[in-house]
Structures are given as C-alpha cells and as structure tokens.
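Read off the chains here:
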Amino acid sequence: MNAFEKIVLNTVEDSIGSFENSIQDGWIDEGELTREGLFNTVRGEVVAECPREVRFLGNARIDEICYQAVDSFEFRTW
C-alpha cells in the first residue's frame, strides 16, 4: 500500500470510527445503517479531505478502499 492509499484508508477508518462511537453512544441505531449509505458517507469524506489522493489514485481505487473498509465494519447489518 502506498502513501496515498494509507492517507485515504486513515480517513475512511476515522469516518467509520465515528459511526462506531455513535452506535455505542446510542445516537445511531445499528439498523439505520446500510452498506451503501455508509459507503456514500465515507466516500464523501475522502473526496472532501483527500482531493490530491483522489486525483492520484482514481475513483476505482478509492471506491475499492472504501468498500473494503465498509465491509470490515464490525456493526454490519447487511
């Protein structure tokens, strides 16, 4: 994994971590999350926070990183 991919992965993991915290704190019900909804949220975070990395890696690789992280989310409801 190169440096750009690590930056993107860290951003995705931070975003997913905020969802984990929200679930544990009772702000979000686990049943409210969908795979696509979580993907769209973390993908949006990456685009907003990592524009250089998105340009370098391309949309397909960014999507792959985001889906891998979303699929490893421990509170999966899908």
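Data block above holds the structure.
Attention here is on the structure that accompanies the text. Within any chain, residue numbers begin from 1 and follow the written order of that chain's sequence. Given that this is a predicted model, residues contribute local features only at a pLDDT of at least 70 and side-chain atom pairs are listed and counted only at 80 or more, while totals for whole chains, interfaces and linings are drawn from all residues. To obtain the side-chain values, all non-hydrogen atoms of the structure were used and water was disregarded.

1. Overview of helix H1 (residues 3–24)
Secondary structure elements are taken from DSSP: a helix is a run of H or I of four residues or more, a strand is a run of E of two residues or more, and numbering for both begins at the N terminus. By this rule, a helix spans an expected 1.5 Å times one less than how many residues it contains. Spanning 22 residues, H1 covers 31 Å between terminal C-alpha atoms, matching the ideal 32 Å at 1.5 Å per step. Relative accessible area decides the class of each residue, using a 1.4 Å probe on protein chains only: under 20% of the type maximum gives buried, over 50% gives exposed, and in between gives partly exposed. For H1, the full list of buried residues reads Glu5, Val8, Thr11, Val12, Ser15, Ile16, Gly17, Phe19 and Ile23. The inward-facing, buried residues of H1 contact helix H2 (35–49), helix H3 (51–57) and helix H4 (59–71). Under this definition, polar contacts are N or O atom pairs within 3.5 Å; protein pairs additionally need one hydrogen-donor-capable and one acceptor-capable atom, and for neighbouring residues in sequence, both atoms have to be side-chain atoms. Capping the start of H1, Asn2 holds a side-chain oxygen 2.9 Å from the backbone nitrogen of Phe4, two or three residues further along. Positive phi shows up at Gly26, right after H1, with a value of about 85°. Should any heavy atoms of two residues lie within 4.5 Å, those residues are counted as being in contact.

2. Regarding H2
The end-to-end C-alpha distance of H2, which contains 15 residues, comes to 21 Å, matching closely the 21 Å that a straight helix rising 1.5 Å per residue would cover. Where H2 is concerned, the buried positions are Leu38, Phe39, Val42, Arg43 and Val46. Angularly, the buried residues of H2 cover 130° about the axis, an arc narrow enough to put them on a single face. Buried-residue contacts for H2 involve H1, H3 and H4. Throughout, the arc means the angular range of directions from the helix axis out to the C-beta atoms.

3. A look at the packing of aromatic side chains
Any pair of Phe, Tyr and Trp rings, taking the six-membered ring for Trp, is counted once the centres come within 6.5 Å. Such a pair is stacked with planes under 30 degrees apart, edge-to-face with planes over 60 apart, and tilted for the rest. Per the stated rule, a full pass over the model turns up two aromatic pairs. For the ring pair Phe39 and Tyr67, a centre distance of 4.0 Å and an interplane angle of 5° mean the geometry is stacked. Residue Phe39 is found in helix H2, and its partner Tyr67 is found in helix H4; the two are separated by 28 residues along the sequence.

4. Brief notes about the side chain of Glu5
Mapped onto the secondary structure, Glu5 falls in helix H1. In terms of polar contacts, Glu5 uses its side chain to reach the side chain of Arg61, at 2.6 Å. Not counting residues within four places of it along the chain, the set of residues in contact with Glu5 comprises Leu57, Arg61 and Ile65.

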